[in-house]
Amino acid sequence: MPVIQVQNLKKYYKVHQKEPGLSGSIRSLFSRKYYDAKAVDGVSFDIGEGELVGFIGPNGAGKTTTLKVLSGLLYPTSGTVSVLGFTPWDRKPEFQKQFSLVMGQKNQLWWDLPAMESFILNKEIYEVPDAQFKQTLDELVELLEVKDFLKVQVRKLSLGQRMKMELIAALIHSPRILFLDEPTIGLDVVMQKKMRDFIKEYNQRFNSTIILTSHYMDDVKELCERVIIIDKGRLLFDGALAEIIKKFANHKLLTAVFSEEVNREDLEKIGQVKEFDYPRAVISVKRTVASQAAAQLLQNFPVADLNIEEPQIEDIIREVFTGKDLA
Ligand SMILES: Nc1ncnc2c1ncn2[C@@H]1O[C@H](COP(=O)(O)OP(=O)(O)OP(=O)(O)O)[C@@H](O)[C@H]1O
Ligand SMILES: [Mg+2]
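Figured I'd write up the structure that's included with this text. (Residues numbered from 1 in each chain as written. Chains lettered and ligands numbered in written order. Predicted model: local features only at pLDDT ≥ 70, side-chain atom pairs only at ≥ 80, totals over all residues.)

Some remarks on the sheet that holds strand S11 (residues 272–277)
Here is step 1: As summarised here, the arrangement of the four strands in space is S11-S12-S10-S13, forming an open sheet in which the pairing is antiparallel. Each edge of the open sheet is held by one strand with a lone partner, namely S11 and strand S13 (303–309). Adjacent strand axes in the sheet meet at a mean angle of 15°, parallel and antiparallel pairs treated alike.
Here is step 2: Where strand S10 (residues 251–258) lies against strand S12 (residues 280–286), seven bridges are found, and the strand directions are antiparallel. The partner of Thr-255 across the bridge, within S12, is Val-282.
Here is step 3: Helix H11 (residues 290–300) contacts S10, S12 and S13 of the sheet and is inclined by roughly 170° relative to S13. (Pairing = 2+ DSSP bridges. Helix = DSSP H or I, 4+ residues; strand = E, 2+ residues; numbered from the N terminus. Axes fitted to C-alpha atoms, helices over the stretch in contact; angles between N-to-C directions. Contact = placed C-beta atoms within 7 Å.)

Shown next, in the form of structure tokens:
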């Protein structure tokens, strides 16, 4: 039985259309014209308990909107959603106590107070018993290594320290479901890695169900076996990350190391030259002719070393987004 069920979810925002120029502004004061911005346009998926799913798509795809509906912050235009058996926008207290939404772009802590004060406030809101609060807090503080910063005003924390505190505040009531909207945004690579390690550990230790959005493919690659890709409010793909390569990658990459100088123009005859920096070149060729291309390369060029590789997941996903390989 899935813990999250989304069926044909649509969320259209009514947007006021302003006519250009001053007269247009005045006219639209009296006769307002609206159009529908179709942020989510018929999305369906199920998520099982304990899954850690990557929810990805380009800017404006509808990711945050979907997570807001799943959290009950927004009413959908149509469709049905069930999270732990609840309809999120009913905002039942029993539901509120079982999930959390963390937004990397938004500060949910009290800015002028130490993070500890926000944790205590959340403890009260979610009615977390004293002993459980203490245990959860100790555990999280240790995992995230923030012991020394609990009493520091949030505004004085670094971005990375603050994000860790945001996570603690969101997890203090031990939610079964976690929506993470770009939790690693803006962090340096070391801190991104720490966050990833934490998310992975948290998911495994507590079998919590997590939907994660990120524009960093490392997050997705390292954390999510399953990904849901959306664009313009529509679902493009739902399945194993490994499947994406099978389904969408119709190219392979030949990486050659040469023992003598070669001509770029000559290499172009083999395929699309992606990188050319003597003694190394990377050539993209159609999957179906990869082995012939490799043979050609070996025959006609002074090749010292040759590798045939799958394209980078980043590149494939970019192609999925731009629809190039969807046909
Ligand atoms: N309050 C709003 N009113 C009108 N349109 C909105 C509103 N919020 C979002 N939109 C539009 O809905 C679409 C989806 O936005 P959303 O924030 O869900 O995208 P996203 O996938 O989270 O993008 P990003 O990766 O940039 O965070 C966008 O076209 C956006 O402009
Ligand atoms: Mg977003």
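Next comes the rest of the description.
Let's talk about the site of ligand 1
Here is step 1: Taken together, Tyr-13, Val-15, Ala-37, Ala-39, Gly-57, Asn-59, Gly-60, Ala-61, Gly-62, Lys-63, Thr-64 and Thr-65 make up all the residues around ligand 1.
Here is step 2: Elements with a minimum of two residues in the shell around ligand 1: strand S1 (4–17), strand S2 (33–47) and helix H2 (63–70).
Here is step 3: Top element by residues in the shell around ligand 1 is H2. It accounts for three residues.
Here is step 4: When its residues are assigned to classes, the shell around ligand 1 shows five nonpolar, six polar and one charged. (Near = placed C-beta within 6 Å. Nonpolar A, V, L, I, M, F, W, Y, C, P; charged D, E, K, R; others polar.)

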